[in-house]
Amino acid sequence: MKKTPDLREEWLSLLSQEFASDYMRDLGSFLRSEKAAGKEIYPPGAEFFAALQATPPKQVKVVILGQDPYHGPGQAHGLSFSVRGGQRLPPSLQNIFKELADDLGCSKPASGDLTKWAEQGVLLLNSVLSVERAQPNSHQGRGWERFTDAVVALINEQLQPTVFLLWGAQAQRKGAAIDQTRHCVLTAPHPSPLSAHRGFMGCRHFSTANRFLVEHQREPIDWSL
């Protein structure tokens, strides 16, 4: 995969070995062949790394791990759980906003665009960074997981205490190696309608994350949108 000008130099430097690797070259070849075959890929290629572009490595305070991008037209823009302004709120995001209201009293946002969180240090990272239209999980096993594992490992190695919000079994597997002596790891079921009632609702992760940040002399997140 070619280096993208939309990726911050700080991340490019830290991830240089990944971008030079055979698996990333294979991933790039796969994506080009899919596009050449006329398949519609989300998000647009310039937004594959939008989460990294929005949140520099030294500013990461919270990591929210998602699975793969939304697969409907106009939804995905490179941030986990986030949708472009003007899009209907997906069910998982609706549940996130309900929990946010119960936890912190935040009013329901009019938009599902979570860019404001990303700009404050919330890394909204999906495990897989692309998907074919109307084909969920279609780009799993192509190399993205290895790349995003490397991102998680870099954050785990940094000295700054960070909060990891691991919602659902897949996110929890991905975060299994996080050093909990330095970082705060909060787990809950996925916020999808199928599982949110099993413990996501009422988890109070947003207030807990802010308490941890304040206790470690880091600025809390303004979760209101």
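Residues numbered from 1 in each chain as written. Predicted model: local features only at pLDDT ≥ 70, side-chain atom pairs only at ≥ 80, totals over all residues. Heavy atoms only, no water.

1. Side note on the overall build of the protein
Link 1 in the chain: A tally of helices and strands in the protein yields nine helices and six strands.
Link 2 in the chain: The C-alpha radius of gyration of the protein comes to 17 Å, within 12% of the 17 Å expected for a compact globule of 225 residues.
Link 3 in the chain: For the C-alpha atoms alone, the extent of the protein along its principal axes is close to 45 × 40 × 25 Å.
Link 4 in the chain: Taking all 225 residues of the protein together, 54% fall into the buried category. (Helix = DSSP H or I, 4+ residues; strand = E, 2+ residues; numbered from the N terminus. Rg over C-alpha atoms; globule rule 2.2 N^0.38 Å. Buried < 20%, exposed > 50% of the residue type's maximum accessible area, 1.4 Å probe, protein only.)

2. Some thoughts on the pattern of salt bridges
Link 1 in the chain: Counted according to the given criterion, the structure contains eight salt bridges.
Link 2 in the chain: Between Glu40 and Arg133 there is a salt bridge; the shortest N-O distance is 3.1 Å. Of this pair, Glu40 sits in the loop between α3 (22-36) and β1 (41-42) while Arg133 sits in the loop between β4 (131-132) and α7 (144-157), placing them 93 residues apart in sequence.
Link 3 in the chain: Here Arg84 and Glu47 are joined by a salt bridge, their closest N and O atoms 2.5 Å apart. One end of the pair, Arg84, is in the loop between β2 (62-66) and α5 (91-104); the other, Glu47, is in the loop between β1 and α4 (50-54), with 37 residues separating them in the sequence.
Link 4 in the chain: For Arg84, a relative accessible area of 28% translates into the label partly exposed. (Salt bridge = Lys/Arg side-chain N within 4 Å of Asp/Glu carboxyl O.)

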